[in-house]
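Remarks on the overall topology
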Amino acid sequence: MARASFGIGPVRIRPGYAREVELPITRLVTGAEITLPVRVVHGREEGPTVWITAAIHGDEVVGIEVIRRVLARLNPKAFRGTLVAAPIVNVLGFTAGDRYLPDRRDLNRSFPGSARGSLASRIAHLVMTEVVGRGDVGIDLHTGSFGRTNHPQIRADLDDPRTLALAEAFGAPVLINARLRDGSLRAAARERGAAVLLYEAGEAWRFDEWAIDAGVTGVRRVLAALGMVDPVVEEASAPSLVSRSSGWVRARRTGILQLDAVLGQRVEVGDRLGSLSDSFGKTLRLVHADRAGIVIGRTTTPLVNRGDALIHIAGLEPSAAPTPIATGAGEVDDEEPLPHHDLEPDLS
């Protein structure tokens, strides 16, 4: 029996085909229509329905490139299941070169939204209805906020067995058990029963190749683990590290920052991470690790004020055996409320 077609917005996609769909959002004062671009890959064979989103914050471009590269390698004729991809969720912010919407609302604090609410609420409602509501597995792609860069990591509910198995399949260097943030896409999707991975890597407005590569490989691994594509052929990699707590090392003086620590570096309490100096090079204060773990984020700003977040360190748990994935459908105590996604401290 032939597989049924897939309906989204005003169109239907036949099995074995991929199609781009423009979902209306609003109109500009000029009358030009603003739409949400979505691409659907509807495989010829039966399988799960998975959604992928990126650029909920308009300056987070790594995820856009991740989705482009993933889609470029998919063959609908050989694909099993359905993939719904929305590479630029915050279209207005992206086109304006801004993280937020024109009214300064954070779209990732506006879910699940409402068809009659604010612009942010309406966009959130559209995404929940036409994208998130289509499947029970989702991957939301993010980068660090302005002036910060992040080590590739998955943030998810690691206490949920299915989500944990998908996170392990993704294979990011670090898996972080991140609490849900009210109004985030991840929280709204989890409320509907979806298993959601939030990928975090790189810096705003940068195509960090290492972040893109890790994201593309991770998404492909998840699709393979769900049986939607053939397994990824690659060299064996180190198992993901697991964290259930993290915190920022903060500046104790105002000054010019020289950081020695790099993303992915393992540190112990007391390790030197960098220093603060004045404009003539006189050292004002050394920066030391206040906990053991791995560096998962760091500021990229050289001038810092007392109290600014400098280095984000995630504590690590002992390694454990991988969790098996079902084919059906601790929380981070982050010290810094970043103006960023789902747990900011996301941990989005």
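Below: a short report on this structure.

Thresholds applied
Residues numbered from 1 in each chain as written. Predicted model: local features only at pLDDT ≥ 70, side-chain atom pairs only at ≥ 80, totals over all residues. Heavy atoms only, no water. Salt bridge = Lys/Arg side-chain N within 4 Å of Asp/Glu carboxyl O. Helix = DSSP H or I, 4+ residues; strand = E, 2+ residues; numbered from the N terminus. Buried < 20%, exposed > 50% of the residue type's maximum accessible area, 1.4 Å probe, protein only. Contact = heavy atoms within 4.5 Å. Polar contact = N/O pair within 3.5 Å; in protein donor to acceptor, adjacent residues only side chain to side chain. Pairing = 2+ DSSP bridges.

1. With respect to the pattern of salt bridges
- Applying the stated criterion across every chain, the model contains 22 salt bridges.
- Across the salt bridge formed by Arg221 and Glu234, the nearest N and O atoms sit 2.7 Å from each other. With a gap of 13 residues between them, Arg221 in helix H6 (residues 209–225) and Glu234 in the loop between H6 and strand E11 (241–250) connect regions that are remote in the sequence.
- On the basis of relative accessibility, which here comes to 16%, the residue Arg221 falls in the buried class.
- Salt-bridge contacts for Asp290 lead to Arg291; the nearest nitrogen and oxygen are separated by 3.1 Å.
- On the basis of relative accessible area, Asp290 is assigned to the partly exposed category, the value being 41%.
- Accessibility expressed as a relative area gives 21% for Arg291, which makes it partly exposed.

2. Considerations on the side chain of Ser110
- With respect to the helices and strands, the residue Ser110 is situated in the loop between helix H2 (91–96) and helix H3 (119–130).
- Here Ser110 falls in the buried class, since its relative accessible area comes to 15%.
- Non-local contacts of Ser110, meaning those with residues more than four positions away in its chain, are made with Ala120, Ser121, Ala124 and Gly183.

3. Considering the environment of Arg244
- Following the sequence through the fold, Arg244 ends up in strand E11.
- Placed 69 residues apart in sequence, Arg244 and Leu175 show a C-alpha to C-alpha distance of 8.7 Å.
- Reaching out from Arg244, the side chain makes a polar contact with the side chain of Asp159 at a distance of 3.0 Å.
- Separated by 3.2 Å, the side chains of Arg244 and Glu317 make a polar contact.

4. Some words on the pairing of E11
- Counting buried positions along E11 yields 7 of 10 residues, so the element is predominantly enclosed.
- One ladder, built from 3 bridges, connects strand E9 (residues 174–177) with E11; its direction is parallel. Following the sheet pairing, Ile176 is matched in E11 by Ser243.
- Bridge analysis of E11 against strand E18 (residues 309–317) gives 7 bridges, and the strand direction is antiparallel. Across the sheet, the residue bridging to Val242 is Glu317, located in E18.

5. As for helix H4 (residues 161–170)
- Along H4, 8 of the 10 residues are buried, which leaves the element largely enclosed by surrounding structure.
- Where H4 is concerned, the buried positions are Arg162, Thr163, Leu164, Ala165, Leu166, Ala167, Ala169 and Phe170.
- At its buried positions, H4 is contacted by strand E7 (137–142), strand E8 (148–156), E9, strand E10 (195–203) and H6.
- With its phi angle positive at about 75 degrees, Gly171 sits one or two positions after the end of H4.

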